[in-house]
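Single-letter residue listing:
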Amino acid sequence: MPRGAALGGGEVQVGTIDLLVYFAYAVPVEDDWPAEFAAWEPVFEAFSVRLFDATQRQLQLGTVTFTDRDELKASADVWITAGDAASGSHLNGLGVPGRHITISQVHRGTSGAVLGQFALVHESGHYLFGLYDEHRGQIGTDPTTVAHPLHFCFEPSGVGSGSIMDGGSGLAPSNLRTEFCTDLEHNAGLADALGSPVLTAQAAQLGTSCWARMVSSGVGALVAPLETPTSDVAGHQPVAFASEVGELAVVLVLDRSGSMGGEALAQTKLGAKLAVGLLPKGADLGLVSFNGSVTIDLGIGPADATHKGAAIAAIDGLAAGGNTAIGSALTQASGELGLVNGCAELVVLLTDGANNAGPPRISSTVLDPLVAAGTTVVTIALGSDFNPGDLVVLAQATGGRFIAAQSPDQLPGIFTEIFGQASGAVVVAASNREPISAGATEVVPIEVGAGATALRVSLGSDAGASLGLTLVGPGGSPTIDALAPSPGPGVELFVTAVQQLVTVDGPAPGTWTARVHSVAAGTEVFDLSGFVCAPDLSVGATSAAEQVTWPAAIPIKASLASGFPVAGAKVTARVLRPDGSLVPQTLVLRDDGVTSLGDDVAGDGIYGALFQGYQGLESDSGSYTFELEVDGSGAIAAGAGEAGGGVPPVVDLPRARATVSANVQGATSTFLPGNLELVDVGVVVDGQVLEGSPIHQTPVIGFELVAGGDEPVDLGALDLGLASDGGLAALVEFALHLDTDRDGQPDNPAKPLLVVGAGEAADGLRFERADGAAILQLGSGQAPWLLVTVGEIDLPTADLAMPDAGAAGFLIGAGPPRQPSVPTPLVALVVAVGALTLAWQGRRPAAGEGAARRGRRAAPAAFAAALLGASAAIAASCGSGGGGGVATQPPKAATSFTISLEPQGVEATGALVGQALAVGGAPISVTSDL
């Protein structure tokens, strides 16, 4: 059986590592590939010798498999690109789909000006062991990675005495170096003429020698040398070379148990039929379905038009009923794949329930043959009525992916994404279950880069011929009707009762337009997906921990490559909870090296985020789906490439999409850190929720704190960020009230829980009792509704600055100080807060720091950018309880203000004394006009 796409990267054996090498370019004639592969064998043989030498004869290459198949590029360890770009690598890429080393034609030789073997062993330091460069780093406290003559590991000159990580394939004599540095020789850097430290990237990021990191990585079970390493290659064995030029082989494994009736089976059928249409020419396809027993509905065979038609007919014939024998179905699928010699073997499994018939789905009898054959299994879990933990394990063990569909409506989009990506394409457009009314036209733009070899657009709908698809190229040409009998040169059509698929070879770069038009009598829904095929383009999404124990964060990663790893892109994600509801906030994946927010290394083309937006309920258990969107405009090649090895290529990354899921288990109602959340949103004044209407009352912002159900908690402190303009905070009093009946009025206006007086909130609000007692005791399962009121102004004795006659605002008159009472005339202000971070969860007052000082501490700079400015004014007295003072003039024009609230730090006392409590959920923010 082929090794194929068994892993998302190389396979390490005792003393050897097997690599998959993908050729991300074309040759003039398909039959030229054997000669092209052979031409690169000396480079990888020399790479193996250099790696063997550098690891003190502990690790060399075993089998190197060459392939030109786009289906395998996500699994490849090394990409060879066209042109003469510098080499590069994703960090810690071994075993992670979408991460790889990149070299180009400039590295083709083993002698002369550029040494390909040096580029490969240098980049393997990044890819295999997570090493950083030692020919660049940072100067002083500037985090920017730059080159500098004083960046070196040890012995800045010489042939064999410098570190491999301090040099480039085109820099002599550093490209003759054979060793990684040990603790004995490692030099973190020197000081420049101004005394600023010049730290290598390895020293700045890891603070260790290369060998210390190599050992701790665990790759190859290496043992560090006890003395300065020297060159020695005695005992190196020749590398075994192989090639993979076969086609993709796929078996669909579909659940037809009793619980799959109705819409679940209907959308499964639609998604599966769309997937069949997307299989590329030459691929092999089989279909297996199961309930308590297993049926081979379609034996594996070439996916030509006839075989695809048979597959669609078999899918249409599926009926729900019976139990769920997942393990038996996987065994049958593995047997079908054994009948062909696919370059990549893929099983796509969909189920909505736990295995309750036949062998367990992750038993050794099921899993071992799949792993041994190199079969990748992608698992789709439908619904939330079962624990999909076994599906996660199955996907991880085979180098596949776990995707959760909270609703059957998601299935067509999930199937098309999986099958589009399986052929090496990138999803660049997706509109799923979009409604379209009779006679209407929906327009979907699709960005195509300069390196695209094909564009594929799929329209799927049960409405069939009631919908039409027209694809229009940049500038209006060509115009392709998916139902036309003669589509024109370079265009291929595939049309069924539920799908219209257009494939354009060699599409012009630019913005294409997919136009969906309806001639149906009523409203229909459709699924539209656009895919770009480009040899050097890759977008991979993974969860670093697809199985998470609550309340730990879910780590999400995205790897981008346009030949070279891509930095500077914008990557965001929509998040769906287990119940299918959308998390209000968009998750932002970062490539800035802030580990507390989910990224490991700045500018390396790997983007990360940590999701912890739980609700503090038992329903937090289940599968979360992350729908990623990539905006590649403005993206650049990650890093500067190797020293002396050419220039980084121009990045041409279109908008792209990818989906990944993770399963959370163990959520309870017991109160734990992270279990408070802002739930209800609204700003209320005298019982009225503000929705943009003019008001002349004191603003009140209301929110709910939800505690777990099993353990009472004492609320010790509550922090709110504050931004003010012109010293406004010095004039304003803030009060925290209970509102038990939720009518927008404090339960006892004369007795707030706490007050932050005028002048005490210049740099932030902190509600905290001076005697250390709890602000509020939350009983088991209680969810108090709280109000923060704004009022009570200490006016100066003279008039404040008067606005111009035509300016929007209030005229503020002088008057005696007011006595504290219920909230009175309005102060237009903004209470705004920066995003909650994990770092803030651990924020604790310094020892001996007084309560008053704690209340006035400045917010960290990271939050300052999120704070909005404020404008202030005072309206006429509210009436009773308004206190004394001189009435003010009404505003000359409407004044807009915004109130926002998001707790930044909550500290518990009592049962959880000393623990910081995170607060999640959407910030409360309402804008109104005065």
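Anything mentioned here points back to the structure above.
So, here's what we can say about the structure. Small disclaimer: the values here were computed from a predicted structure and weren't measured. (Residues numbered from 1 in each chain as written. Predicted model: local features only at pLDDT ≥ 70, side-chain atom pairs only at ≥ 80, totals over all residues. Heavy atoms only, no water.)

## Some words on helix H9 (residues 389–397)
At step 1: Taken together, the buried positions of H9 are occupied by Gly 389, Leu 391, Val 392, Leu 394 and Ala 395.
At step 2: The positive-phi residue at the C-terminal boundary of H9 is Gly 399, with phi of around 75°. (Buried < 20%, exposed > 50% of the residue type's maximum accessible area, 1.4 Å probe, protein only. Helix = DSSP H or I, 4+ residues; strand = E, 2+ residues; numbered from the N terminus.)

## As for the packing of helix H5 (residues 263–278) against helix H6 (residues 305–316)
Two numbers describe a pair of packed helices, the interaxial angle and the distance between the axes.
At step 1: Across the interface, H5 lies against H6 with an axial gap of 10 Å and an inter-helix angle of 175°. Our classification of the angle between H5 and H6 gives roughly antiparallel. Counted together, Lys 269, Ala 272, Lys 273, Val 276 and Gly 277 of H5 and Lys 308, Ala 311, Ile 312, Ile 315 and Asp 316 of H6 form the full contact between these two elements.
At step 2: Looking at the contact of H5 with H6 residue by residue, the class counts come to 5 nonpolar, 1 polar and 4 charged. (Axes fitted to C-alpha atoms, helices over the stretch in contact; angles between N-to-C directions. Parallel < 35°, antiparallel > 145°, perpendicular 65-115°, else oblique. Contact = heavy atoms within 4.5 Å. Nonpolar A, V, L, I, M, F, W, Y, C, P; charged D, E, K, R; others polar.)

## Regarding the sheet that holds strand S15 (residues 344–351)
At step 1: If you trace the 6 strands from one edge of the open sheet to the other, you get S14-S13-S12-S15-S16-S17, paired in mixed fashion. Each of the sheet's edge strands pairs with one partner strand only, and the pair in question is strand S14 (294–302) and strand S17 (402–405). Across the sheet, the mean angle separating the axes of adjacent strands is 15° when strand polarity is ignored.
At step 2: Alignment of strand S16 (residues 375–382) against S17, held across 4 bridges, turns out to be parallel. (Pairing = 2+ DSSP bridges.)

## What about the packing of aromatic side chains?
At step 1: Tallied over the full model, the rule gives 13 aromatic pairs.
At step 2: Ring centres of Phe 23 and Trp 33 lie 5.6 Å apart, and the angle between their planes is 75°; on these two criteria the pair is classed as edge-to-face. Note that Phe 23 is positioned in strand S2 (residues 16–24) and Trp 33 in helix H1 (residues 33–54), a separation of 10 residues in sequence. Comparing Phe 23 with Trp 33 shows no difference in burial state: the two are buried.
At step 3: Taking 5.4 Å as the distance between ring centres and 85° as the angle between the ring planes, the aromatic pair formed by Phe 23 and Phe 66 counts as edge-to-face. (Phe/Tyr/Trp six-rings, centres within 6.5 Å; stacked < 30°, edge-to-face > 60°.)

## Notes on the sheet that holds strand S19 (residues 441–448)
At step 1: Within the open sheet, the 4 strands sit side by side as S19-S25-S21-S22. Their pairing is antiparallel. Lying at the two open borders of the sheet, with one neighbouring strand each, are S19 and strand S22 (479–481). The sheet shows a mean angle of 20° between the axes of neighbouring strands, direction not considered.
At step 2: When strand S21 (residues 467–472) meets strand S25 (residues 510–518), the two strands line up antiparallel, connected through 6 bridges. Bridge pairing links Leu 469 to Val 516 in S25.

## A short note on the pattern of salt bridges
At step 1: In the structure shown here, the tally under the stated rule is 15 salt bridges.
At step 2: Across the pair Arg 655 and Asp 631 runs a salt bridge whose closest N-O atoms are separated by 3.4 Å. Of this pair, Arg 655 sits in the loop between strand S35 (636–637) and strand S36 (656–665) while Asp 631 sits in strand S34 (residues 622–631), and the two are 24 residues apart along the sequence.
At step 3: The exposure class of Asp 631 is buried, given its relative accessible area of 14%.
At step 4: Look at the salt bridges and you will find they share partners, linking Glu 629, Asp 631, Arg 655 and Arg 657 into a network. (Salt bridge = Lys/Arg side-chain N within 4 Å of Asp/Glu carboxyl O.)

## Examining the nonpolar core
At step 1: In terms of nonpolar packing, the biggest core is built from 63 residues, with Ile 554, Leu 589, Phe 626 and Leu 628 touching the most fellow members.
At step 2: The greatest single-element share of this core, amounting to 5 residues, is contributed by S36.
At step 3: Two domains each provide a minimum of three residues to this core, namely domain 3 (425–535) and domain 4 (538–638 + 649–665).
At step 4: Beyond its immediate stretch of four places on either side in the chain, Leu 628 contacts Ala 541, Ile 556, Ala 558, Val 571, Thr 572, Ala 573, Leu 589, Ala 656, Arg 657, Ala 658 and Val 660.
At step 5: Ala 24, Leu 287, Leu 298 and Val 427 belong to the second largest nonpolar core, which has 51 residues in total. (Core = buried A, V, L, I, M, F, W, Y, C linked by side-chain atoms within 4.5 Å. Domains from an automatic or database assignment.)

## What about the state of the cysteines?
At step 1: Under the definition given, this model contains 0 disulfides.
At step 2: Residue Cys 210 stays outside any disulfide, its sulfur separated by 3.6 Å from that of Cys 181, the closest cysteine.
At step 3: Given the relative accessible area of 0%, Cys 210 is considered buried. (Disulfide = S-S within 2.5 Å.)

## Details of helix H7 (residues 326–337)
At step 1: In this model, H7 (12 residues) spans 17 Å end to end at C-alpha, consistent with the 16 Å of a helix rising 1.5 Å per residue.
At step 2: Of the residues making up H7, those classed as buried are Ile 326, Gly 327, Ala 329, Leu 330, Ala 333, Ser 334, Glu 336 and Leu 337. (Expected span 1.5 Å × (residues − 1).)

## Topic: the environment of Thr 228
At step 1: One can find Thr 228 in the loop between helix H4 (210–217) and strand S11 (240–244).
At step 2: When the C-alpha atoms of Thr 228 and Phe 180 are compared, they prove to be 9.8 Å apart, with 48 residues separating the residues in sequence.

## So, the packing of H7 against helix H8 (residues 364–373)
At step 1: Where H7 contacts H8, the two axes come as close as 9 Å, and the packing angle between them is 30°. When the interaxial angle is binned, H7 and H8 end up roughly parallel. Where H7 crosses over H8, the handedness of that crossing is left-handed. Along its contact with H7, which presents Gly 327, Leu 330, Thr 331 and Ser 334, the element H8 presents Thr 365, Val 366, Pro 369 and Leu 370.
At step 2: Partitioned by chemical class, the residues of the contact of H7 with H8 number 4 nonpolar, 4 polar and no charged. (Left-handed = near helix turned anticlockwise from the far one by under 90°.)

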